[in-house]
Amino acid sequence: MLGMPARAHAKRLIDYIPDDKISSIVNYLQKFTTSKPKAVSVDPTKKAAYEALLADVKPVKGKPLSLNGQEEVADIIMRKYEGLN
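Residues numbered from 1 in each chain as written. Predicted model: local features only at pLDDT ≥ 70, side-chain atom pairs only at ≥ 80, totals over all residues. Heavy atoms only, no water.

In total, this model carries one aromatic pair according to the counting rule given. Between tyrosine 28 and phenylalanine 32 the ring centres are 5.2 Å apart and the planes differ by 90 degrees, which places this aromatic pair in the edge-to-face class. Residue tyrosine 28 and its partner phenylalanine 32 are located together in helix H2 (residues 22-33), separated by four residues, close to a single helical turn. Judged by relative accessible area, phenylalanine 32 falls into the exposed class, the value being 57%. (Phe/Tyr/Trp six-rings, centres within 6.5 Å; stacked < 30°, edge-to-face > 60°. Helix = DSSP H or I, 4+ residues; strand = E, 2+ residues; numbered from the N terminus. Buried < 20%, exposed > 50% of the residue type's maximum accessible area, 1.4 Å probe, protein only.)

Set out below in structure tokens:
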């Protein structure tokens, strides 16, 4: 079966597929051959406004957020376990 050309495989496959399902299978396979839409472009002014909003975000304490929240997590862990010593 590995040495058979693709058309021969397709003809054998048609024998296994019920007639009422052939069109849905063809439509499904065509989705793989059509070109996909390109990624949505980002509006630079909206991106700048969003980044400006993020720059103003502060936790409840009023202290600026650290990169990925690492310092905040470290503070939480220290507060939780500092009384164990």
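Next comes the rest of the description.
This part covers helix H3 (residues 44-55). In a regular helix each residue adds 1.5 Å, so 12 residues correspond to 16 Å; H3 covers 16 Å between its end C-alpha atoms and thus fits that length. Counting buried positions along H3 yields zero of 12 residues, so the element is predominantly exposed. (Expected span 1.5 Å × (residues − 1).)

What follows concerns the confidence of the model for the protein. Taken as a whole, the protein shows an average pLDDT of 76; of its residues, 76% reach a score of 70 or greater. Per-residue pLDDT, averaged within each element of the protein, yields its smallest value for helix H4 (residues 70-81) (77) and its largest for H2 (84). (pLDDT = per-residue confidence, 0-100.)

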